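Structural characterization, general
Below are the chains, spelled out letter by letter.
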Amino acid sequence: MAAGTISRIRLENFMCHSSLQIDLGDHVNFITGQNGSGKSAILTALCVAFGCRARTTQRAASLKDFIKTGCSYAAITVDIKNQGEDAFKPELYGNLIILERRINESSSSTVLKDQHGRKVAHRKDDLIEIIEHFNIDVENPCVIMSQDKSREFLHSGNDKDKFKFFFKATLLQHVNDLLGEIRVRLNSADALVEELEKTIRPALKELDEIREKIKNMEHIEEITHEIENLKKKLAWAWVYDVDKQIVEQTAKLEKLKERIPACQERIDRNAAIIEELKKEYIKKKENVRSFVEKAQEARRMKEQLEHEVNEALKLKIELEKEYTRGTQVLKKMNDRVKKLQLQIQDFQLQHMQETQAEASQIEDNIWQLQQEIDSALRNVASLKENEKIESEKLSGISTSIREIKKEIDEHNSKIYQLNSQIHNLQCRQRDKMIAFGGDRVRNLMASIERHRSRFQSPPIGPIGINVQLASDSWSVAVDYAVGRLLDAFIVSCHKDSLILRECAKEANYRNVQIIIYDFAKPRLDIPNHLLPSTAHPTVLSVIHSDNPTVLNVLVDQGHAERLVLVRDYEEGKSVAFDQRIRNLKDVYTSDGYRMFSRGSVQTILPPHRKGRAGRLCTSLDESITEMKEEATGIKQIIKEMTDREKQLVNDRKTIEEGVRSLKRKREEEERQLERKKVLLDDTKRISAENNYDTAVDTTEVQAEMTQVKGDIEKKELVLEKLYLKLTEASQEEDKRRASYKNFIDSAYVDVGSISDVEHELQSVEEKLHDAQQEKAHYEYLMEKKVLDLIKIAESEFTDLQQLRQEYFKKASIICPESEVEALGGVAGSTKEELSARINKLKHRFQQESRRYTETIDELRALLDSKEGKILKKQQMYAGFREKLNSCQKALDLRWTKFQRNAGLLKRQLTWLFNEHLGKKGFSGKINVDYNKQVLSVELTMPQDASHDSVRDTRGLSGGERSFSTLCFTLALHGMIEAPFRAMDEFDVFMDAVSRKISLDTLVDFAVAQGSQWIFITPHDISMVKPGDRIKKQQMAAPRG
């Protein structure tokens, strides 16, 4: 059994009992007896033992009233089990806690003993600790229900009484009373603190008046002190003014002296550079000389190859002429053979005419066949010619279609390029920066902004966004001239360049061009004799920038002052090659052509891409409009060419059909021609056989024809050999021409290399010239701008030191310097300002000194005294207010939790109530209104077909009302936790049937619930089934 249950109750001289001992079981206990046998005294004793007040038991006004008449004391002993995991201090009390309550006429005491009867504690707090540990609340009607409470609750139909019972049984009444009491106390405390805070307001007003008086009087005192202090500051201001001039002169002198090593270092550095450039110049010059020798050798080689090509060409021409003459001779021989054949045929024809009619008929047939063959040959030749013409037309149309498709592809490519350029220009209209690096440069600028604090000086760039053009007509030329410099960034030191590299890496901008340049350097002043001597503008003259560093970089890195701009191609050639202008590096035309000469080599480079508007162009709308119009025109051309292509394709199909028809006709004619040739040969063979014997003598003619044929064969052999020679000569010519072409191509490469070497030589020469000029510049600065200024500055410094000694002696007589420093020094004020302030303060002092007669020390003492008292009260009241606010917040939180728990308990009560009702087939609902403090019960009877709820239990039969009230009580019991529970006369006013039902329900619930139960009744309980968990006891009958 769990700890906290009651194992024995012993009463001595308590109420009607002189001595009584009741042993209780761990589960269900029934105590019966006649009225007046002292049954209810057992529960009263339990309440008193656990600290309940006498009035709360409703059986006495004070504890001494519980002493049996005629006795001097009363004693109550309760044995509490202390076993299991919930045991209370088992190491101190053991398995049993003995609670003794002794009541005298004047006092009462409580003693706690261990299992062996040894006294352990006697304080009330020790008893409260045990009660709280075991959760024993004897004032809760669900823990101990006396007979008065039974009569009040079980048979009351008042909803307010039920609410009170529920509110008290669930301890909500106790919590609500505590929270209400706390709230009343907090409101009282808040009002008290507010009254206390109001009491200090008049004192604060009095303090303000005293402070105002002190402030006015301190003002006069401050004026006097300030006048004295200003006089001291004025004396030393003269000294500090000279000191300031000395510091400035010293800094000036140091700065001038610092320029000596800087200038010398520049001079030495330029001297070293000049020495290196001279060596490089000699080396480059030697390379140029070597390339010139190679060029001369190549020129000789070229002349030799040209001679060999000419010789091969001459040989080829002679062989072609000889071959032509042989061909003509051979043609004449063939003509002679044909004439002899005709002569023989004439002889034979003449002979045939002289023969008989049959031979004549044969000859006619042969002639007729020959005429047909000739006609067929002409037809075949005509068809072949027509087929050739149509095939040539077809080939021409196919070629035209291919050319049209090629042109359409070129136009589409051009449209794509135009659209891409339009998109780029539109992007540049929205953000000029995109033209100088695309999205990468925007990411880089964002990264630079994030790391801006790390730079010694913020980078400048890209250079292109810091440059403006005087005229947009030069935008393309300037873009080609300065090239990648427009995308470059400028930093002031090497450290900043490393940080910028990190930013570029973060922005995924690889190979960003970074130029290190001194930002403090003023804009370069270029003398006229170093500029190109031409009326044409230079790049430097057509650009503008608010940042001198940008222009300096374009001059130092891009030679902007030596790049000349011209309008057209021919004018550019004239300026670059014909006029020999000094200080000219390159010439650029407005459409991007670059022209320059290095020595004797003249070079013209076309623009590598077609640009409508340079990246520096500001008026992009015209270019965009022009490109859109051009794209529209090209689209119209493409449409026309597409229509033309479709027409040609249709024509090609028609011609192809015609060619196929001609081919079929030609093949048919050729087959007819072959048949007729075979028929002619057969006719001639028959005629020859018939005329063999009578043939004419053509021996001489045949012999001559045979001889001519022999000569033809010899001539053909000679021509074949001649043709082979001609072929070899042609091959030799092609071979020598290929060698010549390869040589020319390699020579062009060498010429390009020569141009590069000459360009490098020119670059080295320019660098050498620049270094010599820079060295001369710094030597001039050293002589005229540094050493002379140092001498002047040293003389001025000596004069200032003498003047400072005089002022210092005068100021030391007035006051020591440390006193002025203690006053804050004279920083921020001039001598004139100090003198003016002294005069102004003297005038004010004379006016203010007549207004007050009180002592300032008395007012200050009074102020300190009052401020201390008020501050003490303010701190105390603030502490009160802070604690009150904390308590109020805690109370609000507790009240919120209380309301939430009350709602949960209401729902739990309904669930448990329905669970018990369901055992008899009933159903119901409990409505709790915390605002109106009423609790109503609704029941639905199983025999009621309408399922209407009964709201007034008085409308039920006695058994139904008793059972529903019992279910409500058991639901409350299920919501609380206690080690034991007791009910006195719970079955009062019940009939036998209702009592039996109630007893069965109570016993089943008590056994299932598991805690200890004590039931007291004067009625017969024989209908209760005995069991090992049920114990029955009978009280002795009362004595008469």
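It should be noted that the structure appears before, not after, this text.
Calculation criteria
Residues numbered from 1 in each chain as written. Predicted model: local features only at pLDDT ≥ 70, side-chain atom pairs only at ≥ 80, totals over all residues. Heavy atoms only, no water. Helix = DSSP H or I, 4+ residues; strand = E, 2+ residues; numbered from the N terminus. Expected span 1.5 Å × (residues − 1). Buried < 20%, exposed > 50% of the residue type's maximum accessible area, 1.4 Å probe, protein only. Phe/Tyr/Trp six-rings, centres within 6.5 Å; stacked < 30°, edge-to-face > 60°. Contact = heavy atoms within 4.5 Å. Pairing = 2+ DSSP bridges. Axes fitted to C-alpha atoms, helices over the stretch in contact; angles between N-to-C directions. 1 Å grid on protein atoms, 1.4 Å probe; cavity = no way out; pocket = protein on both sides within 12 Å on 5 of 7 lines; lining within 4 Å. Points joined across faces, edges and corners; volume = space filled by probe spheres on them. Nonpolar A, V, L, I, M, F, W, Y, C, P; charged D, E, K, R; others polar. Core = buried A, V, L, I, M, F, W, Y, C linked by side-chain atoms within 4.5 Å. Parallel < 35°, antiparallel > 145°, perpendicular 65-115°, else oblique. Left-handed = near helix turned anticlockwise from the far one by under 90°. Salt bridge = Lys/Arg side-chain N within 4 Å of Asp/Glu carboxyl O.

Attention shifts here to helix α6 (residues 172-199). The end-to-end C-alpha distance of α6 is 41 Å, a good match for the 40 Å that 28 residues give at a rise of 1.5 Å each. Residues of α6 that are buried: L172, L179, L186 and V193.

With that out of the way, let us pick up the packing of aromatic side chains. Inspection of every chain in the model, using the stated rule, returns seven aromatic pairs. Taking the centre distance of 5.4 Å and the plane angle of 15° together, the rings of F14 and F66 count as stacked. With F14 in strand β1 (residues 6-14) and F66 in the loop between α1 (39-49) and β4 (73-81), the pair connects residues that are 52 residues apart, well separated along the chain. Neither residue differs from the other here; F14 and F66 are each classed as buried.

Burial of helix α10 (residues 475-482) is extensive: eight of the eight residues sit out of reach of the surface. Listed in full, the buried residues belonging to α10 are S475, V476, A477, V478, D479, Y480, A481 and V482. Along its buried surface, α10 packs onto β9 (468-469), α12 (539-542), β12 (543-544), α13 (548-558), β13 (563-566) and β14 (586-589). Of the residues trailing α10, G483 is marked for its positive phi of about 60°.

With that settled, consider the sheet that holds β13. Strand pairing within a sheet occurs via backbone hydrogen bonds; the two strands may be parallel or antiparallel. Ordered by their spatial adjacency, four strands build an open sheet running β13-β14-β15-β16, and the pairing between neighbours is mixed. Each edge of the sheet is formed by a strand with only one pairing partner; in this case those strands are β13 and β16 (601-605). Averaged over neighbouring strand pairs, the angle between their axes works out to 20° when direction is ignored. Relative to β16, strand β15 (residues 594-598) is paired through five bridges, and the arrangement is antiparallel. Among the inter-strand pairings, S597 is bridged to a residue of β16, identified as Q602. Relative to β15, helix α14 (residues 569-578) is tilted by about 20°, and along the sheet it contacts β13, β14, β15 and β16.

Time to look at the layout of surface pockets. Quantified by volume, the second largest pocket comes out at close to 920 Å³. In this structure, the second largest pocket is lined by 28 residues; those nearest its centre are F50, G51, I131, D137 and E139. Taken together, the elements giving at least two residues each to the lining of the second largest pocket come down to β6 (108-113), α3 (124-134), α5 (159-169) and α6. The greatest single-element share of the lining of the second largest pocket, amounting to five residues, is contributed by α3. Partitioned by chemical class, the residues of the lining of the second largest pocket number 10 nonpolar, nine polar and nine charged.

Here we come to the sheet that holds strand β3 (residues 28-32). An order of β8-β19-β20-β3-β21 is seen for the five strands of this open sheet, with the pairing classed as parallel. Looking at the sheet topology across the chains shown, the edges are occupied by β8 (144-145) and β21 (1030-1034). Sheet topology note: the strand β19 (residues 980-984)/strand β20 (residues 1012-1017) ladder contains five bridges and is parallel. In the strand pairing of β20, R981 is matched with W1013.

Membership of the largest hydrophobic core comes to 95 residues, with the highest contact counts inside it found for L46 and F50. With nine residues, helix α19 (residues 856-917) is the largest single contributor of residues to this core. Setting aside residues no more than four positions away along its own chain, L46 makes contact with I6, I9, V78, V138, I144, F980 and I1014. If you look at the next biggest cluster of nonpolar residues, it comprises 35 residues, including A477, V478, I526 and L551.

Now for the packing of helix α9 (residues 439-450) against helix α11 (residues 494-506). Close contact between α9 and α11 brings their axes to 8 Å; oriented N to C, the two are set at 130°. Relative to α11, the element α9 is oriented oblique. Seen along the crossing, α9 lies across α11 with a hand that is right-handed. Within the contact between the two elements, α9 uses L444, S447, I448 and R450 and α11 uses L500, C503, A504 and E506. Considering only residue class, the contact of α9 with α11 consists of five nonpolar, one polar and two charged.

Turning next to the pairing of strand β17 (residues 923-929). Moving residue by residue along a regular strand, the side chains alternate between the two faces of the sheet. Of the two faces of β17, the one lined by G924, I926 and V928 is fully buried and the one lined by S923, K925, N927 and D929 carries no buried residue. Where β17 meets strand β18 (residues 934-940), seven bridges bridge the pair, whose relative direction is antiparallel. Directly across from K925, in β18, lies its bridge partner E938. Joining the antiparallel neighbours β17 and β18 is a turn of four residues, in which Q933 adopts a positive phi near 60°.

Our next topic: unusual backbone geometry. With an omega dihedral of -10°, the bond running from G461 to P462 counts as a cis peptide bond. Of note, P462 is situated in the loop between α9 and β9. Positive phi outside glycine occurs at N508, with the angle close to 60°. Note that N508 resides in the loop between α11 and β11 (514-516). Of note in the backbone geometry, H559 takes a positive phi value of approximately 50° without being a glycine.

A word on the pattern of salt bridges. Under the defined criterion, the tally for this structure stands at 22 salt bridges. When the shortest N-O distance is used, the salt bridge between E206 and K866 registers 3.3 Å. Of the two residues, E206 sits in helix α7 (residues 201-353) while K866 sits in helix α19, which places them 660 residues apart along the sequence. In this structure, R594 engages D586 in a salt bridge whose closest nitrogen and oxygen atoms are separated by 3.1 Å. Given the relative accessible area of 21%, R594 is considered partly exposed.

So, about the pairing of β3. The buried fraction of β3 amounts to five of the five residues, a majority that puts the element mostly inside the structure. Two strands pair when backbone bridges link them, and β3 and β20 are joined in this way by five bridges, in the parallel orientation. The partner of V28 across the bridge, within β20, is W1013. Where β3 and β21 come together, five bridges link them in parallel fashion. The residue bridging T32 from the neighbouring strand is Q1034, located in β21.

Let us now look at the side chain of T549. Counting through the fold element by element, T549 comes out in helix α13. Beyond its immediate sequence surroundings of up to four residues, T549 is in contact with I460, I490, Y517, D518 and F519.

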